[in-house]
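Letter by letter, the chains look like this.
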Amino acid sequence: STILLTLGPKSLHKELSEHTALTIILALMAFFIGEIIALSSVKTKKPFRQTDWKKPIEIGTCTYINILFFSIVTLVWSYYSIKEMATAVGYREGEHLLIQYARLAVLQNEMRPSTTLILFSFMLRALSYTLTFAYLHNKILCKKEANLRLMLLLPSLIYLIQYMLWGSRGGVIEYISFFIFIYAYFKSRVTQSPKSTNLAVLKLAAKGLAFFLFIFIGAGSLKGWAESNPLEVIAVYGGGSLSALDVYLTNVRHPPAAFGQETLLGIYALLERVGLSSVSSSRILEFTTIGQTETTNIYTSIRRYINDYGILGMLYIQFTLGYLFSAGYVRLQKSKEIGYFALFYSTLFMILIYQALDEQALTTFLSTTQIFTIFFTFLFYNLLLRKKLNKSDQIII
């Protein structure tokens, strides 16, 4: 984010105050201390390395065709649902602003797709993660050729297109972070040299970043960015969060109307559905000016923590995240078996990637998206993967 802020438009607010810089440094230090304590609290034991090739996870052709058919149905249904909502707020056939109008319908007119389509979207998301897990398992841990191979990633491509139709880039960021972590995890199990693993992961991360930039720029015209400099848009999106945080920290702040109002969105939304709370649970923060014409409502994860819990609360949350993610990673490294926890941990890894943009750990806790993602990934893991994992051909590597 700092690099993007530096490379951004000259009009962008780049002179961060000492208070903001110190706050960010303290947040990083708190996370680091949590990590160190987690690593020092476990018994010293070398990470597990595979000594044999795994058998590939085979997905039946009939099963795959059904998954692909379901993915396409969800994509087509999403398109027509988006088109219907966009038309309701002024979209006309032939315009190139379908996504922009659809996003307007969602954000300002509070229009929503059908409950069934929402469930289908959650299922497609879970299938995408599960099949990507199987693809990388077969590619890295298995010597034998597996059926379908790259075809296992086709539902993921459909999922990303379906997600972007709703005008959001979050799904792409989450999927890329999921892909990179699973790749790194499997690579570390078969590579003796951590340096070799790190180099491979860095190369993949660079490709992931390039893929995201390609998608970001390619979809820009559909959201009304045709006349904008795409690189400047990326700089504002990725680096403007630091400028916005600086504006927030250096101006008068008002206490939240309720405890955890900006972070405990999932819990408040759940309580509201059962009639136990009337606290507003909108995720959308106010827009702030960060340049001559640039505005944003993205403030990094730090803003929500400080707003709801103060500076000490923010440091405690960062410490806890450092501890939990490091403890979970150690468990994955030392485990001989590959189970659901690896898939579960990987879906949460985007929490760390997102910190420079927004908060995901608490805002998604007990949210509809998190609940159904965990439920459906667990379901598809058991249906498609569980019985096929951890089988080997006893070939020494």
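In this convention, every chain numbers its residues from 1, walking through the sequence in written order. Given that the model is predicted, a residue must reach a pLDDT of at least 70 before its local features are reported, and side-chain atom pairs must reach 80 or more before they are shown or counted; all residues, however, enter totals for whole chains, interfaces and linings. Working from all heavy atoms in the structure, the side-chain values ignore hydrogens and water.

## Describing the overall build of the chain
- The number of helices and strands found in the chain is 14 helices and 2 strands.
- As defined in this context, the radius of gyration uses C-alpha atoms, and a globule is described by 2.2 Å times the residue total to the power 0.38. Expected size for 397 residues packed as a compact globule is a radius of gyration near 21 Å; at 22 Å, the chain falls within 12% of this value.
- Based on the C-alpha atoms only, the size of the chain along its principal axes is roughly 65 × 55 × 45 Å.
- Every one of the 397 residues in the chain was classed for burial, and the buried ones make up 47%. Think of it this way: any DSSP run of H or I at least four residues long counts as a helix, any run of E at least two long counts as a strand, and we number them from the N terminus. Accessibility here uses a 1.4 Å probe with only protein chains present; expressed as a share of the type maximum, an area under 20% marks a residue as buried, one over 50% as exposed, and anything in between as partly exposed.

## What about a nonpolar patch on the surface?
- The patch calculation keeps residues exceeding 30% relative accessible area without a salt bridge and links them within 9 Å when they carry like charges or within 5 Å when they are nonpolar (Val, Leu, Ile, Met, Phe, Trp, Tyr). Computed with the Shrake-Rupley method and a 1.4 Å probe, the accessible areas treat only the protein chains shown as cover for residues. Salt-bridge detection follows one rule: a side-chain nitrogen of Lys or Arg within 4 Å of a carboxyl oxygen of Asp or Glu. Nonpolar side chains collect at one region of the surface, where F32, I33, I36, I37, L39, Y323 and L324 lie side by side and expose about 620 Å² of accessible area between them.
- Residue contributions to the nonpolar patch peak at 5 residues, all from helix 2 (residues 18-40).
- Considering the arrangement of structural elements, one finds I33 in helix 2.
- Residue classification places I33 among the partly exposed positions, given a relative accessible area of 43%.

## A few points about helix 14 (residues 368-385)
- A rise of 1.5 Å per residue sets the reference length of helix 14, with its 18 residues, at 26 Å; its end C-alpha atoms lie 24 Å apart and thus fit the reference within 8%.
- Here, two residues are considered to be in contact whenever any of their heavy atoms come within 4.5 Å of each other. Looking at the buried side of helix 14, the elements it contacts are helix 3 (61-88), helix 5 (115-141) and helix 12 (340-348). The span expected for a helix works out to 1.5 Å for each residue beyond the first.

## Quick look at the pattern of salt bridges
- Taken as a whole and assessed by the stated rule, the structure comprises 4 salt bridges.
- In this structure, E262 and R303 form a salt bridge, with 2.8 Å as the shortest nitrogen-oxygen distance. Residue E262 is found in the loop between helix 9 (230-249) and helix 10 (265-273), and its partner R303 is found in helix 11 (residues 300-334); the two are separated by 41 residues along the sequence. For the pair E262 and R303, a shared accessibility class is recorded, and that class is buried.
- Taken together, the shared-partner salt bridges connect E262, E286 and R303 into one network.

## Let's talk about the packing of aromatic side chains
- We call Phe, Tyr and Trp rings a pair once their centres come within 6.5 Å, taking the six-membered ring for Trp, and we label the pair stacked below 30 degrees between planes, edge-to-face above 60, and tilted otherwise. Applying the stated criterion across every chain, the model contains 26 aromatic pairs.
- Geometrically, the ring pair formed by Y79 and Y80 is edge-to-face, given 5.3 Å between the ring centres and 75 degrees between the ring planes.
- With relative accessibility at 31%, the residue Y79 sits in the partly exposed group.
- When the centroid spacing of 5.9 Å and the interplanar angle of 20 degrees are considered together, the rings of F372 and F376 count as stacked. With F372 and F376 both in helix 14, this residue pair falls 4 residues apart, about one helical turn.
- Using a relative accessible area of 26% as the deciding quantity, one classes F372 as partly exposed.
- Between R303 and the ring centre of Y299, over which it is positioned, the NZ or CZ distance is 4.6 Å. Ring-over charges, as used throughout, are those where CZ of Arg or NZ of Lys falls within 6 Å of the ring centre and within 35 degrees of the ring normal.

## A few points about the side chain of T74
- Counting through the fold element by element, T74 comes out in helix 3.
- Reaching out from T74, the side chain makes a polar contact with the backbone oxygen of F70 at a distance of 2.9 Å.
- In contact with T74, other than residues within four places in its own chain, are L117, F120, S121, L124 and Q162. Any N or O atom pair separated by 3.5 Å or less is treated as a polar contact, with the protein-specific requirement of one donor-capable and one acceptor-capable atom, and with residues adjacent in sequence counted only for side-chain atom pairs.

## Side note on the nonpolar core
- Here the nonpolar core consists of buried residues drawn from Ala, Val, Leu, Ile, Met, Phe, Trp, Tyr and Cys, with membership extended through side-chain atoms lying within 4.5 Å. F133, F186, L384 and L385 are the most contacted members of the largest nonpolar core, which totals 97 residues.
- Sequence-distant contacts of L385, defined by excluding residues within four places in its chain, comprise I57, T130, F133, A134 and F380.

## Structural notes on the packing of helix 5 against helix 12
- Taken N-terminus to C-terminus, the directions of helix 5 and helix 12 make an angle of 120 degrees; their axes are 11 Å apart at the nearest point. Judged by the inter-axis angle, helix 5 sits oblique to helix 12. Pair helix 5 / helix 12 crosses with right-handed handedness. On helix 12, the residues touching Y129, T130 and F133 of helix 5 are A342, L343 and T347.
- Of the residues assigned to the contact of helix 5 with helix 12, the class counts are 4 nonpolar, 2 polar and no charged. Each axis is a line fitted through C-alpha atoms, and for a helix only the stretch in contact is used; angles between axes span 0 to 180 degrees, taken between their N-to-C directions. Any angle between 65 and 115 degrees counts as roughly perpendicular, while under 35 counts as roughly parallel, over 145 as roughly antiparallel, and the rest as oblique. Crossings are sorted by hand: turned counterclockwise from the far helix by less than a right angle, the near helix makes the crossing left-handed, and turned clockwise it makes it right-handed. Three classes are used: nonpolar for Ala, Val, Leu, Ile, Met, Phe, Trp, Tyr, Cys and Pro, charged for Asp, Glu, Lys and Arg, and polar for all others, with Gly counted as polar.

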